[in-house]
Amino acid sequence: FGRWNLSKIQLRLHAPARVFADTPIDLRISLENHRSLFDAYGVEIQLELSKSANIRTHVNWAAAGSSATSKLRGSIPNRGAVSKHPCLLSSSFPLSIFTYQKRIVVSQEILVFPKALVPKEFFASGQTGIR
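Structure report, in brief. What you see is a predicted model; the values in this text were computed from it and never measured.

Overview of the overall build of the chain
At step 1: Each helix and strand in the chain was counted, giving one helix and eight strands.
At step 2: Traced from its N-terminal end to its C-terminal end, the chain shows the element sequence α-β-β-β-β-β-β-β-β.
At step 3: Here the C-alpha atoms of the chain give a radius of gyration of 20 Å, more than 25% beyond the 14 Å that 2.2 N^0.38 yields for 131 residues.
At step 4: Reported as C-alpha extents along the three principal axes, the dimensions of the chain are approximately 75 × 25 × 20 Å.
At step 5: Classification of the 131 residues of the chain by burial places 35% in the buried group.
At step 6: Here the analysis covers contacts within the chain between residues at least 6 apart in sequence; of these, 64% occur between residues at least 24 apart.
At step 7: Of the roughly 8,800 Å² of accessible surface on the chain, a fraction of 53% belongs to carbon and sulfur atoms.

Written out as structure tokens, the structure reads:
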């Protein structure tokens, strides 16, 4: 039952296409259960955004043929453009004796721009000596 709990499960990531490095963003992760008879229980999701930021969430229950959505907030520390994000699904259903894992890849193009650098002179108070 443990391996079967993670079968026919697909993740969908809803995130902005363009973000700045180290800037918090809102994202949604939808766990879609494509089985027609049995529900999915107790699924842990560990998503690596751009292979550098770890996002974790937990889905208690997803009905058969339905989905469950988690709203999260996170940030990506490094610049780059990545379209494939590795993900680890794990579950200890049914009796919490064994933990079963499944690795998948979530597709979502995210372009991360470098963090904006503001010159420190903009924050200096008083006279700067420039005329």
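The structure having been displayed, the exposition proceeds.
Notes on unusual backbone geometry
At step 1: Cis geometry is found at the peptide bond from F93 to P94, where omega equals 15 degrees.
At step 2: One can find P94 in the loop between β7 (80-91) and β8 (100-113).
At step 3: The phi dihedral of D22 is positive, around 60 degrees, even though this residue is not glycine.
At step 4: Summarising the element assignment, D22 is placed in the loop between β2 (18-20) and β3 (25-33).
At step 5: Non-glycine residue S96 carries a positive phi angle of around 60 degrees.
At step 6: Turning to its location among the elements, S96 is positioned in the loop between β7 and β8.
At step 7: Residue classification places S96 among the exposed residues on the basis of a relative accessible area of 58%.

A few points about the sheet that holds strand β1 (residues 9-14)
At step 1: Judged by pairing direction, the sheet is antiparallel, and its three strands sit side by side in the order β1-β3-β6 without closing on themselves. Edge positions in the sheet fall to β1 and β6 (67-74), since each has one partner strand and no second. Neighbour-to-neighbour, the strand axes of this sheet turn through a mean angle of 20 degrees, independent of strand direction.

Here's the deal with the packing of aromatic side chains
At step 1: For the structure on display, the rule yields three aromatic pairs.
At step 2: Measuring from ring centre to ring centre gives 4.6 Å for W4 and F38, while their planes differ by 75 degrees; the resulting arrangement is edge-to-face. Of the two residues, W4 sits in helix α1 (residues 2-5) while F38 sits in the loop between β3 and β4 (40-49), which places them 34 residues apart along the sequence.

Examining the pairing of β8
At step 1: Bridging between β2 and β8 involves three bridges; their strand directions are parallel. Residue pairing across strands places V19 opposite V112, the latter belonging to β8.
At step 2: Sheet topology note: the β7/β8 ladder contains eleven bridges and is antiparallel. Bridge assignment links L89 to a residue of β8, and that residue is K102.

What counts, and at which threshold
Residues numbered from 1 in each chain as written. Predicted model: local features only at pLDDT ≥ 70, side-chain atom pairs only at ≥ 80, totals over all residues. Heavy atoms only, no water. Helix = DSSP H or I, 4+ residues; strand = E, 2+ residues; numbered from the N terminus. Rg over C-alpha atoms; globule rule 2.2 N^0.38 Å. Buried < 20%, exposed > 50% of the residue type's maximum accessible area, 1.4 Å probe, protein only. Contact = heavy atoms within 4.5 Å. Areas by Shrake-Rupley, 256 points an atom, 1.4 Å probe, with all protein chains shown as cover. Pairing = 2+ DSSP bridges. Axes fitted to C-alpha atoms, helices over the stretch in contact; angles between N-to-C directions. Phe/Tyr/Trp six-rings, centres within 6.5 Å; stacked < 30°, edge-to-face > 60°.

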